[in-house]
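Chain by chain, the residues run as shown.
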Amino acid sequence: MLDALKFFLFVILLLVTIMLNQHVTSKRSAELDLELLWQIQDTKGVYVIQNQTVPSGVYTALEQSMVIGSLLEEYNDVNTSWVGETDWTYRTNLSCLAEDYKYVLLTFHGVDTFASVSLGEQLLGSTENMFVRYRYDVKQLCDGDTHELRLQFRSPVVEARERAKDRALPIVPTCPPDVYHGQCHVNLIRKMQASFAWDWGLSAPSMGIWKPIRLEYYSSALIRDLTVVISELEVSGSERWSIAVRVYLETGLASAQVHGLLTFKIIGVPFLNEADQTLAVMNKTNEHGELLVEHGLTVARNAVERWWPNGYGKQTLYSLYVRWEDEAVNGVKLPNPDTMISEKVIRIGFRTVQLSQERATDGLMFYFKVNDVPIFAKGSNWIPSSVLPERSYDSNYVKFLLYAARDAHMNMLRVWGGGLYESDHFYRLADELGLLIWHDLMFACSMYPSEPDFLRTVQEEVRQNVRRIQHHPSVAVWATNNENEVALRQNWYKTDANYTAYYTQYVELYVRTVLPTVEANDPWRTVLLSSPSNGDQSLKERFIATNPQDPRYGDVHYYNYFLDGWNAAQYRGGRFVSEYGFQSFPAYTSWPEARSYRQAELSQLINHRQHSPLGNAPILTMIELNLPLPRDPSADGYWPELIYLSQLSQAMIVKTETEVYRARRVEHGTMGALYWQLNDVWIAPSWSSIEYGGTFKLLHVWLRDIFAPEHLVAFVNERRQLEVVAVRDTLQPDVQLWDVELRIHRYGSFRLVERIRQERIRVPANTVELVSTWDVYGHLAKQGLHPADHLVLLYAYLHPADGQPGQPAPQPIAENFALLDKLKNIRQEQRVEPTVSVSVVSAVCSEQSNLTSVSLEVSVSAPALFVYLQLTPENSTLKQCQFSRNGFLQFQPVRTVQLTCVDPGCRNKIQARDITVRTVNELLVR
């Protein structure tokens, strides 16, 4: 029986191999993905993993074959560290026939990172940069015989260690802090910098084929990339768009004559000049087999719609089609003309983006104008969606995260410089959703080498990735690195003793290599030298500003972990705050270990995953400043309570800081707020608003209000007055009239203490308007009321049109709240514990979308403070569950909340008992 089964499996594998080889020799194909039937093994042959599919990584393969447990569970980040220090080999069989193809190339779109590549007995070459595409000529080896394609990977940990030896000037930091449990010298290799650990992420020194391998075969030229520069112009009174197209052709790996025709079309859009549709090309590719062809197109301005960021208009996109056809196609009858034709389609958007840095009274402004409209950038910082590069291209999860950003009214994400150049899918979605991209190049928090070999591979990396990404209308600006200017200036890594040497390296890498390479391949956008930086002012100060964090210039990163983050008076902001934020813990139900670990064991695991050198102290300090802090770590409810309070504190801090920045748009010229960070790579303490896997922290639920296009901001300012500001990012109508209502409530009663109303407040489009500054403390004192017992609830309504018949219900615009004292200071008589009940009103699951939608009614017997709803761990099969409201103040007896979950197969029935409820009240009454 066993022999029969083996024979059956052998026949199946043989048939699959034959089918694959038939595809390889198909003349009608321009390329073939080599994705199936790979074997992975370590050099000693201890672990042999069969039938793997690429893209792939060693960690992923070992997990799937159950050699190791999940990298993201328990202590596997350190228990599996041996994987990253071991050499591995990928192999598969390849049979192909070159026949009369002129070019047959084996193209690796992403190899992570150090590998020798062989086909049969021939060494094709080696790889050393995971961000670079490598091509090898295999025409002579496509002889119909079967050859082994083999990639022999060297440990990136060992390679980095070897490169650090005998350096006269160490590239610092040499190692991450011990609390990261990471690896050393990642700055010496061109690999995702966060893969050796970061303050929010684990060490996972990945290896593997993280992007597709393709066999490309053709007989003329191949269109590799298309880039565009789109600009508005007026010619003899005619308003039009100019599209400067760059076509990058390839002819294998060597120089060759090309003679043919390029055809251009924008689907559904006529060109003003029909002659623009074609361009005859007679030229020669360079010694690398590459040729740049430039061509200009023009369309009438009214023939297309503009592309706008989220919240400002539609995201209209158009398909630009480019076709290469060799002259031989029409000259003689060919048996296989397809091999002399190459086509490519990209989606483009008609928009202008300008980073404006005009002179202000106290420095330089720094803001984006899209289609000549100033944009207040609202958003977050993006890190890779997975610490394992091959998983970071999970299209469904990336879509989920980007939709979550869009739905929270974000209009910008910053692709951070310690991660990856993202997938084409990522940028396509950003285009569709109106998410502007601030794009770092992949250098972060470090000094870097500047020897010729390093600069050579960096130049190729930048060239390839900028060309690939450039056409996307969502990309707004490039920055050559993250925090390296400020690190050098502020001596983060003890560089002052050799400042001149490190400064020389900085200039050689960024000013003389990365910057001009970006500009040469993308003349459409501004390139910043660093983030944070003083923008144009940094250039005037020889590229390293005296104070790169000067709030009067450029962008700033602002973190302060021990001043009271709930206090609005501490925030000044800057022109553009591209990083700020605060940590919290993931939900208790998100820790798989919480089901089996005792409290002490869970504490140890959470502390292990807390990579901040400050530990949990900032989280605990901020809770203690403002909330009742649980004191007994051994108590059964300690971690559920502390996690809840940490998320509430994080949400309050980011809310307060963001609202100050939005309110200071005019006063301080603040025009951007990108909090750190949107997403996570594992379940651990971090700054994220969305946990790894998709659970929203309280912060992300609150962001729908914090970033709302029309918002009412209220906070106690540095003069201890309640400052109320109307915020409008909307463009129409030019002016709105708002009615604003302030309601003073006691914490212990539904009954309103006082209502104060202001009507017909004139709020212009795309700006902020001061509603009032009010001495609320003096007002309460006159009535003998204590601030600690009260808070202010605020509501904005659209003022009804004059002469409108009847009394229609007021149209709500925004609502908010302002705390007048710390919650822990609420006096005893106002500390009430309401009875809270949750009932399911309706539940519907769509088998087509696998989405369950549940309508909940939350009932309270007294005001409930920051009601926190959570599904019980028994609902673990439900994914990406989100409450429409969470962590809310409930000053009415009943409130409706929607819950949506991904429920494959619609197998779950959510009941009231599946939802737990927490409030601050229950902690106050103890």
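What you see as residue numbers is a count from 1 along each chain, following the sequence as written. Only residues with pLDDT of at least 70 get local features here, since the model is predicted, and only at 80 or more are side-chain atom pairs given and counted; chain-wide, interface and lining totals rely on the full set of residues. Heavy atoms from the whole structure form the basis of all side-chain values; hydrogens and water molecules are not counted.

Looking up the protein chain in an unreviewed UniProt entry gives the name beta-mannosidase, with the organism given as Anopheles arabiensis. In its Sequence similarities (unreviewed entry) section, the UniProt record describing the protein chain reads: "Belongs to the glycosyl hydrolase 2 family." UniProt positions are given in the numbering used here, feature names are shortened, and annotations may be inferred rather than shown by experiment.

### Side note on the domain arrangement of the protein chain
Domains assigned within the protein chain are domain 1 (30-215), domain 2 (220-331 + 338-375), domain 3 (710-830) and domain 4 (836-925). Reported domain spans reflect what an automatic or database domain assignment gives. Computed over C-alpha atoms only, the centres of domain 1 and domain 4 are separated by 44 Å.

### Quick word on the pattern of salt bridges
When a carboxyl oxygen of Asp or Glu is within 4 Å of a side-chain nitrogen of Lys or Arg, the pair counts as a salt bridge. Throughout the structure, instances matching the rule amount to 58 salt bridges. A salt bridge links Arg224 to Glu250, with the nearest nitrogen and oxygen atoms 2.9 Å apart. A residue pair is termed long-range when its members are at least 10 positions apart, and Arg224 in strand β15 (residues 222-235) and Glu250 in strand β16 (residues 238-250) qualify at 26 residues. Glu250 matches Arg224 in its accessibility class, with the two residues each being buried. Its salt-bridge partner being Arg662, residue Asp729 comes within 2.8 Å of it at the nearest N-O pair. Taken together, the residues span a long stretch of sequence, with Asp729 in the loop between β36 (722-728) and β37 (735-746) and Arg662 in helix α15 (residues 638-663) at a distance of 67 residues. Assigned by exposure class, Asp729 and Arg662 land together as buried. Salt bridges here are not isolated pairs; linked through shared partners, they connect Arg135, Glu216, Arg224, Glu250, Glu290, Glu460 and Arg463. To qualify as a helix, a DSSP run of H or I must reach at least 4 residues; to qualify as a strand, a run of E must reach at least 2; elements of each kind are numbered from the N terminus. Type-normalised accessible area, obtained with a 1.4 Å probe on protein chains alone, sets the label of each residue: buried when under 20%, exposed when over 50%, and partly exposed for intermediate values.

### Remarks on the state of the cysteines
For the purposes of this analysis, a disulfide is any pair of cysteine sulfur atoms at a distance within 2.5 Å. Using the criterion set out here, one finds 4 disulfides in the structure. Each sulfur of the disulfide joining Cys96 and Cys142 lies 2.0 Å from the other. Measuring handedness by torsion sign, the sulfur bridge of Cys96 and Cys142 sits at about -80° and is left-handed. Here the residue Cys96 occupies a position in strand β4 (residues 88-97), and Cys142 occupies one in the loop between β9 (134-137) and β10 (143-154), the gap between them amounting to 46 residues.

### What about the environment of Pro551?
Here Pro551 is to be found in the loop between α12 (536-540) and β32 (555-558). Spatially, the C-alpha atoms of Pro551 and Leu364 are 9.7 Å apart, while their sequence positions differ by 187 residues. Between two residues, a contact is recorded if the distance between any of their heavy atoms is within 4.5 Å. Excluding residues within four positions of it along the chain, Pro551 makes contact with Val556, Arg572, Gly573, Gly574 and Arg575.

### Remarks on the packing of helix α14 (residues 617-626) against α15
For the pair α14 and α15, the least separation of the axes is 10 Å and the interaxial angle reads 80°. One element, α14, and the other, α15, form an angle in the roughly perpendicular class. On the side of α14, the interface is formed by Ile619, Leu620, Met622 and Ile623, while α15 contributes Leu642, Leu645, Ser646, Ser649 and Ile653. Considering only residue class, the contact of α14 with α15 consists of 7 nonpolar, 2 polar and no charged. Axes here mean lines fitted to C-alpha atoms, for a helix over just the part in contact, with angles spanning 0 to 180 degrees between N-to-C directions. Each angle gets one of four labels, with under 35 degrees taken as roughly parallel, over 145 as roughly antiparallel, 65 to 115 as roughly perpendicular, and the rest as oblique. Gly is placed with the polar residues, together with every amino acid not listed as nonpolar (Ala, Val, Leu, Ile, Met, Phe, Trp, Tyr, Cys and Pro) or charged (Asp, Glu, Lys and Arg).

### Some remarks on the environment of Tyr393
With respect to the helices and strands, the residue Tyr393 is situated in the loop between β27 (377-382) and α7 (395-407). Note: C-alpha distance between Tyr393 and Ser206 (187 residues apart in sequence) is 15 Å. Excluding anything up to four places from it in sequence, Tyr393 contacts Trp210, Lys211, Tyr421, Glu422 and Ser423.

### Some remarks on the sheet that holds strand β48 (residues 915-918)
The sheet built from 3 strands is open, its strands ordered β46-β44-β48 with antiparallel pairing. The strands lining the two open edges of the sheet, one partner per strand, are β46 (888-890) and β48. Taken pair by pair, the neighbouring strands of this sheet meet at an average axis angle of 40°, ignoring direction. For strand β44 (residues 864-871) and β46, the ladder comprises 2 bridges, and the chain directions are antiparallel. Each bridged residue has a counterpart across the sheet, and for Val867 the counterpart in β46 is Phe888. Here α15 sits on the sheet and contacts β44 and β48; the angle it forms with β44, its principal contact strand, is near 115°. The pairing criterion for strands is at least two bridges between them, as found by DSSP.

### Some points on the sheet that holds strand β19 (residues 290-300)
The strand order β15-β16-β19 describes an open sheet built from 3 strands, whose pairing is antiparallel. Of all the strands in the sheet, just β15 and β19 have a single pairing partner and so form its edges. For this sheet, the mean angle separating the axes of adjacent strands, direction not counted, is 20°. Along the sheet face, helix α9 (residues 452-469) touches β15, β16 and β19 and points at about 60° away from the line of β15.

### Notes on the side chain of Glu710
Within the secondary structure layout, Glu710 lies in strand β35 (residues 710-716). A distance of 2.9 Å separates polar atoms of two side chains, one belonging to Glu710 and the other to Thr730. Ignoring any residue separated from it by four or fewer positions in sequence, one finds Glu710 in contact with Val727, Arg728, Thr730, Gln736, Trp738, Ile813 and Ala814. Two N or O atoms form a polar contact when they lie within 3.5 Å of each other; inside protein one atom must be a possible hydrogen donor and the other a possible acceptor, and for residues adjacent in sequence the pair counts only when both atoms belong to side chains.

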